[in-house]
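# Fold and geometry: a report
Residue-level listing of the chains:
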Amino acid sequence: MLVVTRLWREGVRGGEVTYDGRSLLIDGQRKLLFSGSIHYPRSTPQMWPDLIAKAKEGGVDVIQTYVFWNLHEPRPGQYDFSGRYDLVRFIKEIQAQGLYACLRIGPFVEAEWTYGGFPFWLHDVPGITFRTNNEPFKFYMQNFATKVVNLMKSEGLYASQGGPIILSQIENEYQNIEAAFGEQGPLYVQWAANMAVALETGVPWVMCKQNDAPDPVINVCNGMRCGETFPGPNSPNKPAIWTEDWTSFYQVYGGEPYLRSAEDIAFHATLFIAKLNGCYINYYMYHGGTNFGRTAAAYFITGYYDQAPLDEYGLLRQPKWGHLKELHGAIKNSSSTLLEGVKSNFSLGQYQEAYVFQEETGGCVAFLVNNDAKSSATVQFGNKSFELLPKSISILQDCENMIFNTAKVTSESSTRVTTSSQTFEGADKWEEFLDVIPSYLDTSLRADTLLEHMNTTKDESDYLWYAFSFQPDSTCAEPVLHLKSLGHVTHAFVNNEYMGSAHGSHDVKNFTMETKIVLDNQMNNISLLSVMVGLPDSGAFLEKRYAGLAEVEIRCTQDESYNFTHYSWGYQVGLLGQELEIYNEQNLGNVEWSNVTTVNQPLTWYKTYFDAPEGSEPLAFNLTTMSKGEAWVNGQSIGRYWVSFLTANGNPSQTLYHVPRSFLQASGNLLVLLEEVGGDPLHVSLCTLSVSTLNDTASHFRLPS
């Protein structure tokens, strides 16, 4: 270990990390750093080396990641750092490729991750209130933060030990909710800062979106335009750091992808450096990856930041990747002057200005800014005339020669190519199992009221059955089932027959369902399946959020109805197929599978087998003909799908679902689909993905997954 540490310190990485008002200093040397967010559980260990290598090739110096508490401590005191959760392996891969690391411990992360990264057992700690000056919460938060720091220390991974970690983060965007906690909010901020510093990592701590971050913790910016919105460091002795420069934006079911141009990202990154002496910019995300299993927060799609410089599968998204690489080269070419020179700023026109960095030794760098989004402008600077493109910044080396313009893209555009590799047409390729719809008498959990969904399931399943029995008066001739839910989805069954569904959305939390039903004159079994599509991930008092059914009625006429809100209800957590884990090969025999006779049936499990395509291209299942549910490959969940939730333009938000090659064997791979509403598995296909430029139809930039 000593040899490794010494070799590391003698190279270009590692060493004592401090800071002043201009930049981070590593072994006393100023650093101007570009960083990229890559979240280890949103990819696979087999993908990590190539993702990091592509980031490095793109001019990235630092890899930044959150640490996901719910993955690592699924039960109090029981820890898991294996497989995709192997944080040490991920950091060591960063180190092996000669890059720095930034560890955002949180342990609240938000990140469009279920419950903001909190394990659900935290919800049931007596007397707890999340993210405030609350002793139970602080106890468990400190325990986990200490666990992570000690793990990193034990492996020698902090820069102070010769490792790659140069920054750590405590809490996350707390200023957004601080006022909700009154005087306890600032007390919590001070406690969190003191607690983190006392862990003695030997590297600086940051708090993002926390303008009053206590010394010595650095307040840093998150957003799309921090060069315009960030008030700056809260002390002249702290540097300007941007921890989240959003390369696109998250996407929800029912929402279209957000497309942020390479030019816009480059403009605002450059402005942050020129205007605020920015010394560290992290792209969120540089590679978004995949929300495998049930890790996505409420209503978020499985693909995460697919529009990042590296797309969901790790393929280069051009021109974004290449344009930012050029920017990084231009900035680093002048980094000494930017970090040591004296800055001046003056007007060049109504919407134009210059930022100039000048060293006593003669070094000079100029940024010519055109803030006019519609028109080019010709300006005089020095002894030359420069034409500035609309909404652009030109970087002048030696204050004379333009080496980069944020609006001038030279990298060739690429497109992602999806090629069908296998289809699964024909009912003989599939077998099915219809899950059991429980009646009131089948349930063991009973209550005389409607129970809250999350507190009942404890996040062990997305699904909660609400069941009751009911015999109507003979006058109820045209019954209508009316219900209100706090989210997210409800499927209604009467006497085992599917009656309809309703759902909310990311922006509309509550919804109402009204559907005509058919009742017998004798006792009827009403079974309502409440479904979560991820837990909430943000906001104050997260532990007090509610979901599930809030009101249930059967209306016979305008004047006659039966209210079942306070009634004798039976409950069942999860589906039978889930309980028996029939997505695993060894458990297939726990139920009786049959040949597929019809499709578009609700609550149906489908299974088939397939061989892995040759080659190394990324793979995805095209589930266009399915509706809503979850998919497993060889027992590993590749995530929830919800193809039937269309955007305002009538398109599915996501049809391709990533299958990492490391999930596969050469042949005999098991695919299991759980369909809630009624999809058609006979037209599912397995696809390979590649990219091509306008002048190149051949595949390239392939990634082992």
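Our subject is the structure that appears above.
Presented here is a report on the structure given in the accompanying data block. Here the structure is a predicted model, which means the values were calculated and not measured. (Residues numbered from 1 in each chain as written. Predicted model: local features only at pLDDT ≥ 70, side-chain atom pairs only at ≥ 80, totals over all residues. Heavy atoms only, no water.)

Our next topic: the environment of I105. Within the secondary structure, I105 sits in strand β6 (residues 100-106). Sequence spacing of I105 and Q169 is 64 residues, and the spatial spacing of their C-alpha atoms is 5.7 Å. With sequence-adjacent residues up to four places away left out, I105 is seen in contact with V67, A145, V148, V149, Y158, Q169 and W205. (Helix = DSSP H or I, 4+ residues; strand = E, 2+ residues; numbered from the N terminus. Contact = heavy atoms within 4.5 Å.)

Inspection of every chain in the model, using the stated rule, returns 25 salt bridges. A salt bridge links D462 to R640; the nearest nitrogen and oxygen atoms lie 2.8 Å apart. On the criterion of sequence distance, the pair formed by D462 in the loop between α11 (453-457) and β22 (463-470) and R640 in strand β35 (residues 636-642) is long-range, its members being 178 residues apart. Looking at R640, the relative accessible area reads 7%, which means it is buried. Where K544 meets E543, a salt bridge forms, and the shortest distance between an N and an O atom there is 3.0 Å. The exposure class of E543 is buried, given its relative accessible area of 8%. What you see here is one network of salt bridges that share partners, running through R294, D459, D462 and R640. (Salt bridge = Lys/Arg side-chain N within 4 Å of Asp/Glu carboxyl O. Buried < 20%, exposed > 50% of the residue type's maximum accessible area, 1.4 Å probe, protein only.)

Read across the sheet, four strands follow the order β26-β23-β28-β29 without closing on themselves; strand pairing throughout is antiparallel. Looking at strand neighbours, the two that pair on one side only are β26 (511-516) and β29 (561-563), the edges of this open sheet. Averaged over all neighbouring strand pairs, the angle between strand axes comes to 15 degrees, with direction disregarded. Alignment of strand β23 (residues 480-485) against β26, held across six bridges, turns out to be antiparallel. Pairing of H482 across the sheet is with E514, part of β26. (Pairing = 2+ DSSP bridges. Axes fitted to C-alpha atoms, helices over the stretch in contact; angles between N-to-C directions.)

Before going further, it helps to spend a moment on helix α5 (residues 135-154). Taking 1.5 Å as the rise per residue, α5 with 20 residues should run 28 Å; its terminal C-alpha atoms sit 28 Å apart, in good agreement. If you check the start of α5, you find a side-chain oxygen 2.9 Å away from the backbone N of F137, and it comes from N134. Looking one or two residues beyond α5, the residue adopting positive phi is G156, at roughly 65 degrees. (Expected span 1.5 Å × (residues − 1). Polar contact = N/O pair within 3.5 Å; in protein donor to acceptor, adjacent residues only side chain to side chain.)

Next up on the list: the sheet that holds strand β13 (residues 352-358). Spatial ordering of the open sheet is given by β12-β13-β14-β17-β18, a layout of five strands whose pairing is antiparallel. Each of the sheet's edge strands pairs with one partner strand only, and the pair in question is β12 (342-347) and β18 (401-405). In this sheet, neighbouring strand axes are inclined to one another by 20 degrees on average, regardless of whether the strands run parallel or antiparallel. Looking at chain direction, strand β14 (residues 364-370) and strand β17 (residues 392-397) are connected through six bridges and run antiparallel. Paired with V365 across the bridge in β17 is Q397.

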